[in-house]
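Commentary on secondary and tertiary structure
Here's the letter readout for the chains.
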There are 2 protein chains.
Amino acid sequence: MPDKKSLLDKMLSMEDNFLPNISIDCVIFGYHERELKILCSRTHKTSGWILPGGFVRKDIPIDDAAKQVLTMRTGLDGLFLKQFMTFGNSDRIWRNSPFYPELEATFGPDFKKLKWISERMVSIGYYALTDFIKVIPAPGLLDYECKWFNIKNLPVFMLDHKQIFKEAFKSLKLHIHTEPIGLNLLPQKFTLGDLQALYETILEKKLDQRNFTKKLMTIGVIQKLQEKKFIGGHRSPYLFQFDKKTYFNAVKNGIELAF
Amino acid sequence: MPDKKSLLDKMLSMEDNFLPNISIDCVIFGYHERELKILCSRTHKTSGWILPGGFVRKDIPIDDAAKQVLTMRTGLDGLFLKQFMTFGNSDRIWRNSPFYPELEATFGPDFKKLKWISERMVSIGYYALTDFIKVIPAPGLLDYECKWFNIKNLPVFMLDHKQIFKEAFKSLKLHIHTEPIGLNLLPQKFTLGDLQALYETILEKKLDQRNFTKKLMTIGVIQKLQEKKFIGGHRSPYLFQFDKKTYFNAVKNGIELAF
């Protein structure tokens, strides 16, 4: 981490190149074998946690600003990224948050000179999907640390970042029927059990195995391969892959993938 | 319409009370008997059309700013209103749009002094639902006229307002399965035919009548009344109403309402 004084000076000099009063916050979902996590950072070892975020340069579309946050934090390009909601309560002001004294203790009293800290911020929320074992989290400029948390065991967040996570998760549950979420969170080849586990983890409920399989096979979004996965004992289920054309057609029509 | 010079002066003096670079655009859907319309305005009789919109006062949450736009334009309170997407391409600048000369011809060369006109705007999109026969459209401060257009026969829009409509319509199609859209667009008592017509109009496709009715009855979101509607000839179908408790449960679980 560069020294804090020069970092603050750099940020103060940069502010004018960015849209004022607008930020980006990213809920980066990581999935692996029935575990769903999100990436969180904090600026100090005693402070509350935040979602990875950033600001919008005046010459850059908001979607590109979100992509930059995502690539910087995960080291990965081309992840599935979707805008889901903008958060604009009038009390979204870091300077007035109960966590501000911790921020000031970390960055010094000049921290509040940043408009980003002293003025109301409207934050555009994006969520992204990845396999968390592929990612070595990269802390942001201001971060003390950055790590994955299981969504069932989240830390205390600053400002409304818990609410931002909740809305992102709600969108993910809805979009599993209309967006290529399976395609983005599973390895290229997977068993029916892997696929069902993904749906069950996101929807937070058990699904009837026969209905699940039958529906997927009827829609034709997955193809059975002539390959099996050895998972111990006498069990070696067939591997499947997505039929991308049918899959994208189905997600386009949305409602087809509902279980 | 007040005289244009004093209107412009008023706007210039107001700008500082609002968040810079942020606007609100509302896609106000009106439905009545198989017709789906949206409310559009224009500032001059030869200019392109726009969606009703406004700006965000620094002390007001974005949702309240959207509510104000909606109430002002429709004269109605308490309509269903939902944020669906934020539009943030870097070329969203009125001053640079091919329609700007028309705006300047209408409001004079000082119009570009408004930051709202000369700077990049990030616009937060909301959609609203109403019955269009209940609404007498009220033009905004800058409007020459304001009226309903059938979505199948829309006029030429300025900036990216056509795109904003398209995304709102996509959200409406998706949300018909997860939000109380039927409840907001139908009269309190309706026939099964009325309900199916609403779904068919929004989804832009024919639905199988038997499946539609069966599914709705199974979920229990509608209740049959001991009343009939006389619609001519020998036809007098039963009237129904929503079972609000079951309905809101079903929309909460989302996927239940998919056809």
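These figures come from a predicted structure and were not determined experimentally.

**Let's talk about the nonpolar core**
- Grouped together as the largest cluster of nonpolar side chains are 43 residues, with contacts concentrated most on Ile 24 of chain A together with Ile 24 of chain B.
- Secondary-structure elements contributing two or more residues to this core are strand E1 (18-32), helix H2 (62-74), strand E5 (122-130) and strand E6 (145-150) of chain A together with strand E1 (18-32), helix H2 (62-74), strand E5 (122-130) and strand E6 (145-150) of chain B.
- Sequence-distant contacts of Ile 24 of chain B, that is, excluding residues within four places in its chain, are made with Pro 52, Gly 53, Gly 54, Val 56, Ile 62, Ala 65, Ala 66, Val 69, Ser 123, Ile 124 and Tyr 126 of chain B.

**So, the interface of chain B and chain A**
- In this complex, chain B contributes 29 residues to the contact, which on the side of chain A involves 29 residues.
- Taking both sides of the interface into account, the surface hidden between chain B and chain A amounts to around 2,100 Å²; carbon and sulfur atoms contribute 65%.
- Seen at the junction of chain B and chain A, the total is 0 salt bridges.
- Linking chain B with chain A are 11 residue pairs in polar contact (both at pLDDT 80 or more).
- For the side of chain B that touches chain A, the per-class residue count stands at 15 nonpolar, 9 polar and 5 charged.

**Points about the environment of Leu 39 of chain A**
Residue and element names in this part refer to chain A.
- Along the chain, the position of Leu 39 falls in strand E2 (residues 35-42).
- In this structure Leu 39 comes out as buried when scored by relative accessible area, which is 0%.
- Put simply, Leu 39 and Cys 26 are 13 residues apart on the chain and 8.9 Å apart in space, counted from C-alpha to C-alpha.
- When residues no more than four places from it in sequence are discounted, the contact partners of Leu 39 are Ile 28, Leu 51, Pro 52, Arg 73, Thr 74, Pro 137, Cys 146, Lys 147 and Trp 148.

**Comments concerning the confidence of the model for chain A**
Residue and element names in this part refer to chain A.
- For chain A, per-residue confidence averages 89 on the pLDDT scale, and residues scoring 70 or more make up 96% of the total.
- Predicted confidence for residues 255-259 stays below pLDDT 50, and this span has 25 contacts to residues more than four positions away or in other chains.
- As a predicted assembly, this complex carries a pTM of 0.93 together with an ipTM value of 0.92.

**Details of helix H3 (residues 100-107) of chain A**
Residue and element names in this part refer to chain A.
- Every buried residue of H3 is accounted for by Tyr 100, Leu 103, Thr 106 and Phe 107. Relative to the axis of H3, the buried residues are bounded by an arc of 125 degrees and lie together on one face. Pointing more than 90 degrees away from the buried face of H3 are the exposed residues Pro 101 and Ala 105.
- Where H3 is buried, its residues contact helix H1 (4-14) and helix H4 (115-118).

**Considering the relation of the copies chain B and chain A**
- The two copies are related by a screw operation: chain B maps onto chain A through 180 degrees of rotation and 0.0 Å of translation along the axis, at an RMSD of 0.0 Å. Taken together, these values place the two copies in the relation of a two-fold axis.
- Comparing interface residues between copies, 100% of those in chain B also sit at the interface in chain A, which points to an isologous, same-surface contact.

**Overview of the environment of Pro 187 of chain A**
Residue and element names in this part refer to chain A.
- As for its placement among the helices and strands, Pro 187 is situated in the loop between helix H6 (181-185) and helix H7 (192-203).
- For Pro 187, a relative accessible area of 49% translates into the label partly exposed.
- When the C-alpha positions of Pro 187 and Ala 65 are compared, they lie 27 Å apart, and in sequence the two are 122 residues distant.

**Quick notes on the pattern of salt bridges**
Residue and element names in this part refer to chain B.
- Applying the stated criterion across every chain, the model contains 34 salt bridges over all chains.
- Glu 204 serves as the salt-bridge partner of Lys 152, at 3.6 Å between the closest nitrogen and oxygen. Of this pair, Lys 152 sits in the loop between E6 and helix H5 (161-175) while Glu 204 is found in the loop between helix H7 (192-203) and helix H8 (209-219), placing the two residues 52 residues apart along the sequence.
- Glu 204 gets classed as partly exposed once you look at its relative accessible area, which sits at 44%.
- The shortest N-O distance in the salt bridge between Lys 229 and Asp 194 comes to 3.5 Å. Here Asp 194 lies in helix H7 and Lys 229 lies in the loop between strand E7 (222-228) and strand E8 (238-242), a separation of 35 residues in the sequence.
- Overall, the relative accessible area of 31% leaves Lys 229 in the partly exposed class.

About the thresholds
Residues numbered from 1 in each chain as written. Chains lettered and ligands numbered in written order. Predicted model: local features only at pLDDT ≥ 70, side-chain atom pairs only at ≥ 80, totals over all residues. Heavy atoms only, no water. Core = buried A, V, L, I, M, F, W, Y, C linked by side-chain atoms within 4.5 Å. Buried < 20%, exposed > 50% of the residue type's maximum accessible area, 1.4 Å probe, protein only. Helix = DSSP H or I, 4+ residues; strand = E, 2+ residues; numbered from the N terminus. Contact = heavy atoms within 4.5 Å. Buried area = accessible area lost by both parts, 1.4 Å probe. Salt bridge = Lys/Arg side-chain N within 4 Å of Asp/Glu carboxyl O. Polar contact = N/O pair within 3.5 Å; in protein donor to acceptor, adjacent residues only side chain to side chain. Nonpolar A, V, L, I, M, F, W, Y, C, P; charged D, E, K, R; others polar. pLDDT = per-residue confidence, 0-100. Arc of directions from axis to C-beta. Least-squares fit on C-alpha atoms with pLDDT ≥ 70 in both.

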